[in-house]
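# Coordinate analysis (summary)
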Amino acid sequence: MRHKTFLWFFLPTGLAMLLFIAMPIGSVVMQSIFAPHPAVLIEVESCTPLVGCTTETTIDQNATAALRAEKPLGRFVGLDIYFDRGHLAVDEFRALWASTDSWVGFFSELGNLPFYRAMAFTLTFVAVVTPLTIVLGLIIALAVNALHRHLKGLMIFFSLLPMIVTPLIGSLILFWMVDSRGVIGSALVALAGDPDFSLKASTGLMWVALLVYGVWHAAPFAFVVFYAGLQTLPSDQLEAAQIDGATRWQQVKYVVVPHLMPLVTFVALIQLMDNFKVFEPIIGFNAEAHAQSLSSFIYNDLGGETRQLSSASATSVMTIIGVAILLSPVLVRTWRDFKGAR
Amino acid sequence: MASRAQRMPTSLRVASSLFVLLWFILAAFPFIWTVWGSFKVELDFFSIADWTNAITGERTKAVYGSPFTATGYHGAWIQEEFWRNVLNTAIVCFFVVTISLTIGTLGGYALSRSTYNYTFWLLITALIFRAMPPITLVAGYLLPFFEWNLWGILPTTIIVLVAINQPFTLWMLHSFFKNIPSELDESAKVDGCNQFQAFRRVIIPVMWPGVITTGLFSFLLAYNDFVVGATLLSESNRTMVPAVNAFMGTTQTEGNVMFAVASVVSATVPLFILVMFFQRQIVGGLTAGAVKG
């Protein structure tokens, strides 16, 4: 296809992505290195007879407006926002590094800094949910594949529900059940024998609940992909393995899993990307006090009375860099495939 | 699985069936429970005293004389005007799907037929865009949208969702078009068509299965969106999901939780119907990318 033809075909979608993805990224980067102007303060001395003179500090509205009009971006602060306490917290990090002597102590202290807390949760979520999803999906696929033909379709239908449901709504549905007044929550209270046992009160339990939600939401995807892969499994390979005396477990390990390996890579890639975005369950579970992800951290900065655009932008930039790092092995591989395919 | 050697031993068969049953309960029970509970009063839905109340609806019977009540739905749809949010979601979904399929088809086709290096870089850029959490872009939208008075209205949200949708649409349609042999449009070009005519006369008639599948996923993205709707829409223009979240913010007064439960169920029903009719296409779409590797 000639360059010019390509350009015309690609123009609408390219323009949409340029205007609403690429340019906002540029704007986010700019906002992260400029801070809003502080209000210009002036001291006014007011003297009244008998009382004496007092000086009052007030905001000089005109000067502030003039300053903002002159430099609408704000004042240039370089990487200061990245290094402040709300983000990378360089000073606190250094102090901690010097003061604590064990790794455990260092990391638990680091967890008190908001940005590191959000990063720790996001990475934990990615690292726990991704492998569990793959394992659970594989087991479900093997089990459903052994079912009777008529039951298979029904199982796929119900299995799709947790994945297809809106993440916020799915997490609300689960949250109402595990809430201390809900059916699972009150069963847990009865099991624990402690009437004050509550999900909302414990950071650890809240993390577990969020991770369970993550697996529940993502397992159907892995299941469906692996199930489709099982349909293409050549039966002669399995038969050969049986003739050689392989046990059922060995058949799964040496025939089925290697056959599904490309699919495992695919599911892992998609899951890495999606789990890194984790956001809605934190809102749905009302878990901001116990767990923050990078996305919910940005959301909190953007919400509320004061929109802290600079702070949100700095976190956004670091999140995008994190995505790029996460994807770099894939990018290298795709490049090789592309070179090979041509 | 015809041969006798491949038949499972009974113990394994039982274990595997039990596991399927367990997964079935995990996947389906929360939905069934919530749908059932949405017709109860709050004290039954969250029954601390006796969990069987949630099934029998004792309190609901005491208040309304019948174990089922639609007050949650009435409150959500009429009192809180949830129908406006439903209408907004319908508008947003319709336009997002139409626009993103139109421009995505053209772009995906071009990417699948060009062999230059830049197609690779465009696809990789799209992959990175696909992996970025959408919330990272919101800080970049707010100032210009406020400045130009675009904030809070549906068209802005639609165009933003279309753009966020494009990377995925491009990847999906790119791989679908790769499966359509390029000899088809090459021969049309030999017969005197230019590229666009070849696309229109030869490719469009055969592309519908791929486009429908991609459209389903575009729909899901627009329907399930929370971030964009919650940050870029004013209160009166909210779509369903941010509206549900707003109900959650006002849970203090009694009954409001049931409004949220009713609206949650209302918002799940279309998805349920979607899976019922398009199960084959959804499964096909999920695996299409995987088979390509």
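Since we're looking at a predicted model, the values are computed, not measured.

### What to know about the overall build of chain A
- Counting secondary structure elements, chain A contains 15 helices and four strands.
- For chain A, the C-alpha radius of gyration of 27 Å lies well beyond 20 Å, the compact-globule estimate for 342 residues.
- Seen through its C-alpha atoms, chain A measures out along the principal axes to roughly 110 × 70 × 45 Å.
- Counting every position in chain A, which comprises 342 residues, the buried fraction comes to 47%.
- When contacts within chain A are restricted to residue pairs at least 6 apart in sequence, those whose partners lie at least 24 apart make up 68%.
- For chain A, the exposed area adds up to about 17,100 Å²; of that, 66% sits on carbon and sulfur atoms.

### Side note on the overall build of chain B
- Each helix and strand in chain B was counted, giving 15 helices and zero strands.
- The C-alpha radius of gyration computed for chain B amounts to 24 Å, which surpasses the reference 19 Å derived for 293 residues by more than 25%, pointing to a less compact arrangement than a globule.
- In terms of principal-axis extent, the alpha carbons of chain B reach across some 80 × 70 × 30 Å.
- Taking contacts inside chain B between residues at least 6 apart in sequence as the whole, the part at least 24 apart equals 72%.
- Of the roughly 13,300 Å² that chain B leaves accessible, carbon and sulfur atoms contribute 67%.

### With respect to the nonpolar core
- Counting 179 residues, the largest nonpolar core has Leu160(A), Trp176(A), Phe226(A), Phe285(A), Leu302(A) and Tyr141(B) as the members making the most contacts within it.
- Take this core: its biggest share by element is 16 residues, from helix α10 (residues 203-231) of chain A.
- Non-local contacts of Tyr141(B), meaning those with residues more than four positions away in its chain, are made with Phe20(A), Pro24(A), Val160(B), Ile164(B) and Leu232(B).
- Judged by nonpolar contacts, the second largest core, of six residues, contains Leu96(A), Phe106(A), Leu110(A) and Leu113(A).

### What to know about the environment of Leu238(A)
Residues and elements named next belong to chain A.
- Within the fold, Leu238 resides in helix α11 (residues 235-243).
- Residue classification places Leu238 among the buried residues on the basis of a relative accessible area of 8%.
- For the pair Leu238 and Val255, spaced 17 residues apart in sequence, the C-alpha separation works out to 6.8 Å.

### Remarks on the confidence of the model for chain B
- Per-residue pLDDT for chain B has a mean of 87; in total, 94% of the residues score no lower than 70.
- Ranking the helices and strands of chain B by mean pLDDT puts helix α6 (residues 82-113) of chain B first, with 94, and helix α3 (residues 53-56) of chain B last, with 79.

### What to know about unusual backbone geometry
- For Ala89(A), which is not a glycine, the phi torsion comes out positive at approximately 50°.
- Positionally, Ala89(A) belongs in the loop between α3 (80-83) and α4 (90-99).
- Phi is positive for Asn149(B), which is not a glycine, with a value near 60°.
- With respect to the secondary-structure elements, Asn149(B) resides in the loop between α8 (135-147) and α9 (154-179).

### Brief notes about the side chain of Thr130(A)
All names here are of chain A.
- Its place among the elements puts Thr130 in helix α6 (residues 114-145).
- The exposure class of Thr130 is buried, given its relative accessible area of 7%.
- Residues contacting Thr130, with those up to four places away along its chain left out, are Phe125, Ala268, Gln271, Leu272 and Asn275.

### Some details on a nonpolar patch on the surface
Residues and elements named next belong to chain A.
- Together, Leu7, Trp8, Leu11, Leu15, Leu18, Leu19 and Met23 make up an exposed nonpolar region whose accessible area comes to about 690 Å².
- Counting through the fold element by element, Leu19 comes out in helix α1 (residues 3-33).
- We classify Leu19 as partly exposed; its relative accessible area is 39%.

### Regarding the pairing of strand β2 (residues 41-48) of chain A
Residue and element names in this part refer to chain A.
- Inspection of the sheet shows β2 paired to strand β3 (residues 52-59) by eight bridges, in the antiparallel sense. Within β3, the position partnered with Leu41 by the bridge is Ile59.
- In this structure, the hairpin formed by β2 and β3 is closed by a connection of three residues, where Leu50 is found at a positive phi of approximately 75°.

### Remarks on the environment of Met8(B)
- Checked against the element boundaries, Met8(B) lands in the segment before α1 (10-37).
- Considered as a pair, Met8(B) and Ser66(B) are 58 residues apart in the sequence and their alpha carbons are 49 Å apart.
- If sequence neighbours within four positions are ignored, Met8(B) has contacts with Ala146(A), Arg248(A) and Arg13(B).

### Concerning the packing of aromatic side chains
- Scanning the model with the defined rule gives 48 aromatic pairs over all chains in all.
- Plain terms: the ring middles of Phe6(A) and Tyr118(B) are 5.0 Å apart, the flat faces sit at 55° to each other, and that makes the pair tilted. Here Phe6(A) is found in helix α1, whereas its partner Tyr118(B) is found in helix α7 (residues 117-131) on a different chain.
- An aromatic cluster is present here, built from Phe93(A), Trp97(A), Trp103(A), Phe106(A), Phe107(A), Phe115(A), Tyr116(A) and Phe297(A) joined pairwise through their rings.

### Some details on the pattern of salt bridges
Residues and elements named next belong to chain B.
- The tally for this structure, following the rule as stated, stands at four salt bridges over all chains.
- Among the salt bridges present, the one from Arg84 reaches Glu81, with a minimum N-O distance of 2.9 Å.
- Linking Arg113 and Asp185 is a salt bridge whose minimum nitrogen-to-oxygen distance equals 2.8 Å. Of the two residues, Arg113 is situated in helix α6 and Asp185 in helix α10 (residues 182-190); the sequence distance between them amounts to 72 residues.

### Section: the side chain of Asp185(B)
- Given a relative accessible area of 1%, Asp185(B) falls into the buried group.
- Beyond its immediate stretch of four places on either side in the chain, Asp185(B) contacts Tyr109(B), Arg113(B), Gln195(B), Ala198(B), Val202(B) and Ile203(B).

### Some points on the interface of chain B and chain A
- If you look at the interface, chain B gives 102 residues, while chain A gives 92 residues.
- Taken together, both faces of the contact between chain B and chain A bury some 9,000 Å²; the carbon and sulfur share is 80%.
- Residue Asp274(A) pairs with Arg130(B) through a salt bridge whose shortest N-O separation is 3.3 Å.
- Scanning the region where chain B abuts chain A turns up 12 residue pairs in polar contact (both at pLDDT 80 or more).
- No other element matches helix α15 (residues 256-292) of chain B, which puts 17 residues into the side of chain B that touches chain A.
- Tallied by class, residues from the side of chain B that touches chain A come to 76 nonpolar, 21 polar and five charged.

### Details of the confidence of the model for chain A
- For chain A, per-residue confidence averages 87 on the pLDDT scale, and 99% of positions sit at 70 or higher.
- When pLDDT is averaged over each element of chain A, α6(A) comes out on top at 94 and β3(A) at the bottom at 76.

Analysis parameters
Residues numbered from 1 in each chain as written. Chains lettered and ligands numbered in written order. Predicted model: local features only at pLDDT ≥ 70, side-chain atom pairs only at ≥ 80, totals over all residues. Heavy atoms only, no water. Helix = DSSP H or I, 4+ residues; strand = E, 2+ residues; numbered from the N terminus. Rg over C-alpha atoms; globule rule 2.2 N^0.38 Å. Buried < 20%, exposed > 50% of the residue type's maximum accessible area, 1.4 Å probe, protein only. Contact = heavy atoms within 4.5 Å. Areas by Shrake-Rupley, 256 points an atom, 1.4 Å probe, with all protein chains shown as cover. Core = buried A, V, L, I, M, F, W, Y, C linked by side-chain atoms within 4.5 Å. pLDDT = per-residue confidence, 0-100. Patch = residues over 30% accessible without salt bridge, like charges linked within 9 Å, V, L, I, M, F, W, Y side chains within 5 Å. Salt bridge = Lys/Arg side-chain N within 4 Å of Asp/Glu carboxyl O. Pairing = 2+ DSSP bridges. Phe/Tyr/Trp six-rings, centres within 6.5 Å; stacked < 30°, edge-to-face > 60°. Buried area = accessible area lost by both parts, 1.4 Å probe. Polar contact = N/O pair within 3.5 Å; in protein donor to acceptor, adjacent residues only side chain to side chain. Nonpolar A, V, L, I, M, F, W, Y, C, P; charged D, E, K, R; others polar.

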